[in-house]
Amino acid sequence: MPATTFPTTLTRHRTLGALATGLIASAAALGFAPAAQAQGQELSSVTVTRAPTREAISLRGKAAVVVRHEVRLAAGRVCRNAFFNHELNAFDIEWCSQASADKAMTRYRAIVRHNRRAGGEFAGLPTSIVLAAQ
């Protein structure tokens, strides 16, 4: 039986393709750096914004199911933003999301309980919950 060289040839093509892609990316990056300096731009003039790691949820006119859903979504957002800001490890995103949501729902239950005792429609009580990355 004749030996086939197909897997070796395919691997060689992939390696050469990856090398060519890397060289093109390096050349493009080096090509842009002198252009930025020629235009008089400095690297220090670039501003980096941080993703928000706090979010407020309004409580007025919402059922508990809606508040719970919004809290879960907001908790996920603030924890992912904390990860993107390098404030949180990737392995802690789920934990952070759960802890933030639990804390916000505990606060929500306390507000609702206090409101029932007061007998009003959030009269004098906070009308929003603030979630933060834990």
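Coordinates for the structure precede this section.
Cut-offs applied
- Residues numbered from 1 in each chain as written.
- Predicted model: local features only at pLDDT ≥ 70, side-chain atom pairs only at ≥ 80, totals over all residues.
- Heavy atoms only, no water.
- Helix = DSSP H or I, 4+ residues; strand = E, 2+ residues; numbered from the N terminus.
- Buried < 20%, exposed > 50% of the residue type's maximum accessible area, 1.4 Å probe, protein only.
- Contact = heavy atoms within 4.5 Å.
- Areas by Shrake-Rupley, 256 points an atom, 1.4 Å probe, with all protein chains shown as cover.
- Phe/Tyr/Trp six-rings, centres within 6.5 Å; stacked < 30°, edge-to-face > 60°.
- Salt bridge = Lys/Arg side-chain N within 4 Å of Asp/Glu carboxyl O.
- Disulfide = S-S within 2.5 Å.

A.B. asks: Summarise the overall build of the protein chain; cite the residues concerned and give the values.
C.D. replies: Within the protein chain, the regular secondary structure consists of 3 helices and 2 strands. In sequence order, the secondary structure elements of the protein chain are arranged as α-β-α-α-β. Per-residue burial for the protein chain yields a buried fraction of 22% across its 134 residues. In the protein chain, the share of contacts with a sequence separation of at least 24, taken over all contacts with a separation of at least 6, comes to 70%. Approximately 10000 Å² of the protein chain is accessible, and the part contributed by carbon and sulfur atoms is 61%.

A.B. asks: Break down the packing of aromatic side chains for me, citing the residues and quoting the values.
C.D. replies: Under the definition given, this model contains 1 aromatic pair. Aromatic side chains Phe-83 and Phe-84 sit 5.5 Å apart centroid to centroid with 55° between the ring planes, which places their arrangement in the tilted category. Its relative accessible area of 28% is what places Phe-83 among the partly exposed residues. Accessibility expressed as a relative area gives 54% for Phe-84, which makes it exposed.

A.B. asks: Report on the pattern of salt bridges, specifying residues and quantitative values.
C.D. replies: For the coordinates displayed, the defined rule picks out 2 salt bridges. Residues Arg-77 and Glu-55 are paired through a salt bridge, measuring 2.5 Å at the closest nitrogen-oxygen approach. Taken together, the residues span a long stretch of sequence, with Arg-77 in helix 2 (residues 64-84) and Glu-55 in strand 1 (residues 54-58) at a distance of 22 residues. The exposure class assigned to Arg-77 is partly exposed, which follows from its relative accessible area of 34%. Overall, the relative accessible area of 23% leaves Glu-55 in the partly exposed class.

A.B. asks: Tell me what's going on with the environment of Arg-72, and back it up with residues and numbers.
C.D. replies: Structurally, the position occupied by Arg-72 is in helix 2. By relative accessible area, which is 38% here, Arg-72 ends up partly exposed. As a C-alpha pair, Arg-72 and Ala-104 span 32 residues in sequence and 9.3 Å in three-dimensional space. Excluding residues that lie within four positions of it along the chain, Arg-72 makes contacts with Gln-98, Ala-101 and Asp-102.

A.B. asks: Got a sec to walk through the state of the cysteines? Specific residues and values, please.
C.D. replies: Tallied over the entire structure, the rule returns 1 disulfide. Residue Cys-79 pairs covalently with Cys-96 via a disulfide, S to S 2.1 Å. Here the S-S torsion is close to -75°, and the disulfide linking Cys-79 with Cys-96 is therefore left-handed. In this pair, Cys-79 is assigned in helix 2 and Cys-96 in helix 3 (residues 93-118), connecting sequence segments 17 residues apart. Each member of the pair, Cys-79 as well as Cys-96, is classed as buried.

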